[in-house]
Amino acid sequence: MFCSKCGNRLPDGAPYCPSCGNQTGINVVRNNKTMLAAALFAFFLGSLGIHNFYLGYTGKGTAQLLLSTVGWIFLVGPLISSIWAFIEAIMIVTGAINTDAQGNPLV
(Lines give C-alpha, C1' and ligand atoms only; values in the text may rest on other atoms or scores of the structure.)
Protein backbone atom coordinates (compact mmCIF):
# COMPACT_ATOMS: atom_id res chain seq x y z
CA MET A 1 0.00 0.00 0.00
CA PHE A 2 1.16 3.49 -0.82
CA CYS A 3 0.31 6.93 0.52
CA SER A 4 -1.74 9.03 -1.91
CA LYS A 5 -0.10 12.26 -0.68
CA CYS A 6 3.64 11.48 -0.68
CA GLY A 7 3.73 8.10 -2.49
CA ASN A 8 5.85 6.35 0.15
CA ARG A 9 5.25 2.70 0.97
CA LEU A 10 3.04 2.15 4.03
CA PRO A 11 3.45 -0.61 6.61
CA ASP A 12 0.58 -3.10 6.70
CA GLY A 13 -2.32 -1.82 8.79
CA ALA A 14 -0.83 1.65 9.33
CA PRO A 15 -3.55 4.20 10.16
CA TYR A 16 -1.40 7.05 8.81
CA CYS A 17 1.69 7.60 6.69
CA PRO A 18 4.85 7.66 8.85
CA SER A 19 6.51 10.07 6.37
CA CYS A 20 3.90 12.81 5.95
CA GLY A 21 1.18 11.99 8.50
CA ASN A 22 -1.58 11.62 5.91
CA GLN A 23 -4.53 9.68 7.33
CA THR A 24 -6.74 9.40 4.25
CA GLY A 25 -6.44 8.47 0.59
CA ILE A 26 -4.46 5.26 0.98
CA ASN A 27 -4.43 3.44 -2.36
CA VAL A 28 -4.04 -0.29 -2.76
CA VAL A 29 -1.91 -1.31 -5.72
CA ARG A 30 -3.19 -4.48 -7.39
CA ASN A 31 -1.62 -6.64 -10.01
CA ASN A 32 -4.31 -6.86 -12.67
CA LYS A 33 -4.42 -9.91 -14.85
CA THR A 34 -5.65 -9.76 -18.43
CA MET A 35 -8.53 -11.61 -19.95
CA LEU A 36 -6.49 -12.20 -23.12
CA ALA A 37 -3.66 -13.93 -21.26
CA ALA A 38 -6.09 -16.10 -19.29
CA ALA A 39 -7.96 -17.10 -22.47
CA LEU A 40 -4.73 -17.94 -24.32
CA PHE A 41 -3.45 -19.98 -21.39
CA ALA A 42 -6.78 -21.82 -21.24
CA PHE A 43 -6.83 -22.51 -24.97
CA PHE A 44 -3.22 -23.61 -25.46
CA LEU A 45 -2.16 -24.94 -22.03
CA GLY A 46 -5.54 -25.41 -20.39
CA SER A 47 -5.40 -29.17 -20.05
CA LEU A 48 -2.51 -28.61 -17.62
CA GLY A 49 -4.50 -26.00 -15.66
CA ILE A 50 -2.07 -23.17 -16.38
CA HIS A 51 -4.88 -20.61 -16.73
CA ASN A 52 -6.21 -21.50 -13.30
CA PHE A 53 -2.77 -21.10 -11.74
CA TYR A 54 -2.47 -17.72 -13.52
CA LEU A 55 -5.81 -16.60 -12.08
CA GLY A 56 -4.94 -17.87 -8.60
CA TYR A 57 -7.28 -20.87 -8.54
CA THR A 58 -4.60 -23.31 -7.39
CA GLY A 59 -7.07 -26.03 -6.38
CA LYS A 60 -8.65 -26.18 -9.84
CA GLY A 61 -5.23 -25.90 -11.48
CA THR A 62 -3.87 -28.79 -9.44
CA ALA A 63 -6.93 -30.91 -10.25
CA GLN A 64 -6.51 -30.30 -13.98
CA LEU A 65 -2.78 -30.95 -13.82
CA LEU A 66 -3.26 -34.23 -11.97
CA LEU A 67 -6.13 -35.29 -14.22
CA SER A 68 -4.05 -34.57 -17.29
CA THR A 69 -0.84 -36.25 -16.10
CA VAL A 70 -2.11 -39.16 -14.01
CA GLY A 71 -5.02 -39.61 -16.39
CA TRP A 72 -2.66 -40.95 -19.07
CA ILE A 73 -2.90 -44.30 -17.31
CA PHE A 74 -6.59 -44.49 -18.18
CA LEU A 75 -6.24 -42.58 -21.49
CA VAL A 76 -9.30 -40.43 -20.78
CA GLY A 77 -7.82 -37.94 -18.31
CA PRO A 78 -6.25 -35.66 -20.91
CA LEU A 79 -9.43 -35.68 -22.97
CA ILE A 80 -11.60 -34.72 -19.99
CA SER A 81 -9.11 -32.07 -18.90
CA SER A 82 -8.95 -30.63 -22.43
CA ILE A 83 -12.74 -30.37 -22.68
CA TRP A 84 -12.85 -28.74 -19.24
CA ALA A 85 -10.19 -26.20 -20.31
CA PHE A 86 -11.94 -25.45 -23.62
CA ILE A 87 -15.19 -24.70 -21.78
CA GLU A 88 -13.32 -22.42 -19.37
CA ALA A 89 -11.62 -20.65 -22.31
CA ILE A 90 -15.06 -19.89 -23.74
CA MET A 91 -16.26 -18.71 -20.33
CA ILE A 92 -13.28 -16.35 -20.03
CA VAL A 93 -13.82 -14.89 -23.51
CA THR A 94 -17.56 -14.38 -22.95
CA GLY A 95 -17.03 -12.82 -19.51
CA ALA A 96 -18.59 -15.58 -17.43
CA ILE A 97 -15.23 -15.83 -15.66
CA ASN A 98 -14.28 -12.19 -15.17
CA THR A 99 -12.32 -12.08 -11.89
CA ASP A 100 -9.24 -13.75 -10.47
CA ALA A 101 -9.19 -15.69 -7.20
CA GLN A 102 -8.77 -12.50 -5.13
CA GLY A 103 -11.82 -10.89 -6.75
CA ASN A 104 -9.85 -8.46 -8.90
CA PRO A 105 -11.49 -7.89 -12.29
CA LEU A 106 -9.74 -9.13 -15.40
CA VAL A 107 -8.61 -6.29 -17.65
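Model, not experiment: these values are computed from the prediction.

### Some remarks on a nonpolar patch on the surface
In step 1: Together, L36, L40, F43, F44, L45, L48, F53, L65, F86 and I90 line one region of the surface with nonpolar side chains, adding up to about 950 Å² of accessible area.
In step 2: Where the nonpolar patch is concerned, the elements lending two or more residues are α1 (35–45) and α4 (77–94).
In step 3: Considering each element in turn, the nonpolar patch owes the most residues, five residues, to α1.
In step 4: Note on placement: F86 falls in helix α4.

### A short note on the environment of G46
In step 1: Position of G46 relative to the elements: it lies in the loop between α1 and α2 (50–55).
In step 2: The residues contacting G46, other than those within four sequence positions of it, are F41, H51, Q64, S81 and A85.

### Structural notes on the nonpolar core
In step 1: A38, A39, A42, L55, A89, I92, I97 and L106 together form the largest nonpolar core, which totals eight residues.
In step 2: Of all the elements in the fold, those that place two or more residues in this core are α1 and α4.
In step 3: Once residues within four sequence positions are removed from consideration, A89 is found in contact with A39, A42 and F43.

Criteria and cut-off values
- Residues numbered from 1 in each chain as written.
- Predicted model: local features only at pLDDT ≥ 70, side-chain atom pairs only at ≥ 80, totals over all residues.
- Heavy atoms only, no water.
- Patch = residues over 30% accessible without salt bridge, like charges linked within 9 Å, V, L, I, M, F, W, Y side chains within 5 Å.
- Areas by Shrake-Rupley, 256 points an atom, 1.4 Å probe, with all protein chains shown as cover.
- Salt bridge = Lys/Arg side-chain N within 4 Å of Asp/Glu carboxyl O.
- Helix = DSSP H or I, 4+ residues; strand = E, 2+ residues; numbered from the N terminus.
- Contact = heavy atoms within 4.5 Å.
- Core = buried A, V, L, I, M, F, W, Y, C linked by side-chain atoms within 4.5 Å.
- Buried < 20%, exposed > 50% of the residue type's maximum accessible area, 1.4 Å probe, protein only.

Read these as geometric descriptors, not functional statements.
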